[in-house]
Amino acid sequence: MKKQFRIALAGNPNCGKTSIFNALTGARQHVGNYPGVTVESKSGRFKLGDVDIELIDLPGVYSLSSSSPEEDVVFKELTKPGIDLILNVVDSTIPRRSLYLTTQLAELHIPMLLVFNMADDAEKKGMQYNIPKLEKYFGSPIVQTVGCRNDGVKALLSKLAGTLEHLEDHGVPMLTYGSDIDDAINAVADKIDALNVEKYSHIPARFFAIKLLEHDTAAMSLPEFKSVHNAVDEEIDHLLKKHAIEAETFMADRRYAMLAGACSGSITMSNERRREISDKIDSVMTNKYLGLPVFLIIMYLTFYFTFICAEPMMGWIESFFNWIADITGKVWAEDKLTLLRDFVINGLIGGVGGVLVFLPNILFLFFAIAILEDSGYMARAAFVMDGVMRKFGLQGKSFVPLVLGFGCTVPAIMATRTIESERDRTVTIMVLPLMSCSARLPIYAMIIPAFFAVKYHAFVMWLIYIIGVVIALIAARLMRSTLFKGSGEVYLMELPPYRMPMLKSLLLHMWDRGKMYVQKAGTVILAATVILYICNTFPVKKDFSSDYAAKTAAAEKIADAGEREAALQKIGFDRQAELMEYTVSGRVGKMLEPFFRYIGFDWKLATASIGALAAKEVFVAQLGVLYHEGEADEESEPLRKHLIRNYTPLQGFCIMLFCLLSIPCLATLAIIRRELNSWKMAVFEAVGLFALAYILTFIVYQAGTLLNIGTKFIS
């Protein structure tokens, strides 16, 4: 037996495929995108005895019909040579629907191991399987698993080891679609065999014959089979005349009929089928009146959990970077490479460190979201929100991308490909940047503890997220009523049973997102910090409006220690302000300040807002660089103290509101252009969001100032 195998993991969405992938590969995973498409690719490695296995986690699909980017990716991946085995994960609680994909995978004649997952849920439903009979029918071994439990894949590992030892002995599926259609398949298959296409010699001609008869997009686009298209059309015409039904519809009907026969003789239900706990929970969670309040409470608790758990760790990280800056300042002599020393201490450590300090918030937020997804609640949230979203011109399928927008807008926009309606998809993409992505979280985590009491932290965080959601829905309603008119589409939802999330899967999800954030801080934000530091440093001002040396000497003679310290500090800040105003950033900020002051922004905040176009986290890094540049005191002062001293709570809230609503990062604009194939839409999005952010922030700031709300500085 060979020592290396390449295995493809295939299955429907929500079948527990990811849990099994995580259980097998652990942290040895690689995540990326398939070339040319925005569909996530995931692979991992694990050892089975002395055998090295590469496991490819294919996107979740319901069929190989190439009607979506995910299905097209799976089709192309499975028809390439090199796959030794397919692990087909099946939700054993809904076998007929899950096995529809299995019938198409079986036609590939690639050795396959069927993984009947969620066996515990199937047992609770009173379902009993005749495994030997099903194995004979599909020509593949079957193993029952509980992927969400640590010990739930032991049987899979044992069965997999035996399957790999006898790959050459895999069976042939007993699949038949009726005499008429089987004759049509054989006729087209003979034509394909006659072509002797070397590229697809490892795949039976029967598989491509079926795909061509279904007019599958991917199969029809293969140049190798264009010569048989006339023969395919003849067979389709024959079937159409005889059955008065389109071939692709007929194939789907025959597959389900075939599965009905296979399942009726192999799967039985016990007479005593008790009502599931999921149904009882859903009577509250999806209740017409209670569902929405429960959803809002759960989101509030999510943010409360994030803040409570993250706050101590943020303090540790902040102290650590302050300690690093202090040690570096003491070890590195002031007269040695002064400019580089200043950049390392105040630019590099202060900038990137100021972003990494918010890593705990990112980790705990994604941990909480992973719990909601893996437990099955996220599907209920989509169900609950469907009615609300339809009032705003969207559908329940739009909810999933909007929730993903809380993590990162880029993959959320990619997720809109599941929305069949082009109008709904476009509107969803256009409002997605209004969802508070994780890149904005460092801004909120910086502002909220600085200006609001501890007891209001979770509420203010919850409020800023809700504001984004509400404005997004209102914007969606306006667009559907004007630019994208049309009737809505029906959305059929699947509510999986509630499950206990697996800790390993939750931690891996948290690790993946945390790693992405750190990589972003180490690349994009680091590069932006270098550029911003240069803009914040040059040109260097040499002639000052005051003799600060003389003022410092005079202040040092003040007898009272407190007054002396205050005077020296004021002199240092005055000199620092002159230095910064003379730089490129200062000049740009000063130029924009008259426009931004009506929303409560000074030139520093205006400059940071421009820097945030690279990545929203850069807003924090830019302020960190600005407020650490040229300080008289050698020790770095935490950024929050600078904010408290220079801004009011009203201004703090306006900072969050403007960052929430304003132009998203350049990566988001780029993906909007790519997904909608229009620079015009991307530019429209940027201009529209900036106008929206400025107008609403203007209203809030001016109203707050007029009513004297939050206008006092915190002592």
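The sections below set out a description of the structure shown in this document. (Residues numbered from 1 in each chain as written. Predicted model: local features only at pLDDT ≥ 70, side-chain atom pairs only at ≥ 80, totals over all residues. Heavy atoms only, no water.)

A tally of helices and strands in the chain yields 32 helices and 9 strands. Residues classed as buried in the chain amount to 54% of the 715 residues present. Here the chain displays about 32,000 Å² of accessible surface, and carbon together with sulfur accounts for 61% of that area. (Helix = DSSP H or I, 4+ residues; strand = E, 2+ residues; numbered from the N terminus. Buried < 20%, exposed > 50% of the residue type's maximum accessible area, 1.4 Å probe, protein only. Areas by Shrake-Rupley, 256 points an atom, 1.4 Å probe, with all protein chains shown as cover.)

All right, on to the packing of aromatic side chains then. Taken as a whole, this structure holds 25 aromatic pairs when the rule is applied. Each ring, one from Phe208 and one from Phe225, has its centre 4.9 Å from the other, and the planes form 50°; the classification is tilted. With Phe208 in helix α8 (residues 205-213) and Phe225 in the loop between α9 (217-220) and α10 (229-243), the pair connects residues that are 17 residues apart, well separated along the chain. We note that Phe208, like Phe225, is buried. Ring geometry for Phe596 versus Phe601: centroids 6.0 Å apart, planes at 20°, classification stacked. Of the residues examined, Phe601 reaches a relative accessible area of 3% and is grouped as buried. Put simply, the rings of Phe595, Phe596, Phe601, Phe658, Phe690, Tyr694 and Phe698 pair up and form one aromatic cluster. If you follow Arg587 out to its NZ or CZ, it ends over the ring of Tyr582, 4.6 Å from the centre. (Phe/Tyr/Trp six-rings, centres within 6.5 Å; stacked < 30°, edge-to-face > 60°. Lys NZ or Arg CZ within 6 Å of the ring centre and 35° of its normal.)

Turning next to the environment of Ala612. With respect to the helices and strands, the residue Ala612 is situated in the loop between α27 (603-611) and α28 (618-628). Take Ala612: its relative accessible area is 3%, and that puts it in the buried class. Sequence separation of Ala612 and Cys659 is 47 residues, and the distance between their C-alpha atoms is 8.7 Å. Once you skip the residues sitting within four places of it in the chain, Ala612 turns out to touch Val618 and Phe619. (Contact = heavy atoms within 4.5 Å.)

A few words now on the pattern of salt bridges. Opposite charge on two side chains permits them to pair, given that their charged atoms come into close proximity. If you walk through the whole model with that rule in mind, you get 18 salt bridges. The shortest N-O distance in the salt bridge between Asp282 and Arg380 comes to 2.9 Å. With a gap of 98 residues between them, Asp282 in helix α12 (residues 277-285) and Arg380 in helix α16 (residues 377-391) connect regions that are remote in the sequence. Each member of the pair Asp282 and Arg380 is classed as buried. Overlapping salt bridges, with partners in common, bring together Arg6, Glu54, Glu77 and Lys80 in one network. (Salt bridge = Lys/Arg side-chain N within 4 Å of Asp/Glu carboxyl O.)

Here we come to the pairing of strand β5 (residues 85-91). β5 sits mainly inside the fold: 7 of its 7 residues count as buried. Taking every second residue as pointing to the same face, both faces of β5 are buried, with Leu85, Leu87, Val89 and Asp91 on one and Ile86, Asn88 and Val90 on the other. Pairing geometry for strand β1 (residues 4-11) and β5, over 5 bridges, is parallel. The residue bridging Ala8 from the neighbouring strand is Ile86, located in β5. Pairing geometry for β5 and strand β6 (residues 112-117), over 6 bridges, is parallel. Within β6, the residue paired with Val89 across the bridge is Val115. The handedness of the β5 to β6 crossover, carried by helix α3 (residues 95-106), is right-handed. (Pairing = 2+ DSSP bridges. Right-handed = clockwise from strand over helix to strand, strands pointing away.)

Two elements in contact, helix α30 (residues 649-661) and helix α32 (residues 679-707), have axes whose closest approach is 8 Å; the angle formed by their N-to-C orientations is 165°. Taken as axis vectors, α30 and α32 run roughly antiparallel relative to one another. Considering how the two elements wind past one another, α30 and α32 form a crossing that is right-handed. Of the residues in α32, those in contact with Leu650, Gln651, Phe653, Cys654, Leu657, Phe658 and Leu661 of α30 are Leu689, Phe690, Ala693, Tyr694, Leu696, Thr697, Val700, Tyr701, Gly704 and Thr705. Partitioned by chemical class, the residues of the contact of α30 with α32 number 13 nonpolar, 4 polar and no charged. (Axes fitted to C-alpha atoms, helices over the stretch in contact; angles between N-to-C directions. Parallel < 35°, antiparallel > 145°, perpendicular 65-115°, else oblique. Left-handed = near helix turned anticlockwise from the far one by under 90°. Nonpolar A, V, L, I, M, F, W, Y, C, P; charged D, E, K, R; others polar.)

Where helix α19 (residues 422-431) meets α32, the axes come as close as 10 Å, and the angle between the chain directions of the two elements is 40°. Taken together, the axes of α19 and α32 lie oblique to each other. For the element pair α19 and α32, the recorded crossing hand is right-handed. Of the residues in α32, those touching α19 at Thr426, Ile429 and Met430 are Met681, Phe684 and Glu685. The residue inventory of the contact of α19 with α32, partitioned by class, reads 4 nonpolar, 1 polar and 1 charged.

The next thing to look at is helix α20 (residues 441-451). Counted residue by residue, α20 has 11 buried out of 11 residues, so it is predominantly covered. All of the buried residues in α20 are Leu441, Pro442, Ile443, Tyr444, Ala445, Met446, Ile447, Ile448, Pro449, Ala450 and Phe451.

Taken together, the side chains of Leu339, Val530, Ile534, Phe538 and Val540 make up a nonpolar region of the molecular surface, amounting to roughly 390 Å² of accessible area. Tracing the chain through its elements places Val530 in helix α23 (residues 524-537). (Patch = residues over 30% accessible without salt bridge, like charges linked within 9 Å, V, L, I, M, F, W, Y side chains within 5 Å.)

What follows concerns helix α29 (residues 639-646). Residues lying three or four places apart along an α-helix face the same way, a consequence of the helix completing one turn every 3.6 residues. Every buried residue of α29 is accounted for by Leu639, Arg640, His642 and Leu643. End-on view of α29: buried residues confined to an arc of 160°, all on one side of the axis. (Arc of directions from axis to C-beta.)

Further remarks concern the nonpolar core. By size, the foremost hydrophobic cluster in this structure holds 82 residues, and its most contacted members are Phe399, Tyr444, Tyr465, Phe619 and Leu623. Broken down by element, this core gets its largest block of residues, 11 residues, from helix α21 (residues 457-481). Counting residues in each nonpolar core, the second largest holds 65 residues, with Ala8, Leu78, Ile86 and Tyr177 among its members. (Core = buried A, V, L, I, M, F, W, Y, C linked by side-chain atoms within 4.5 Å.)

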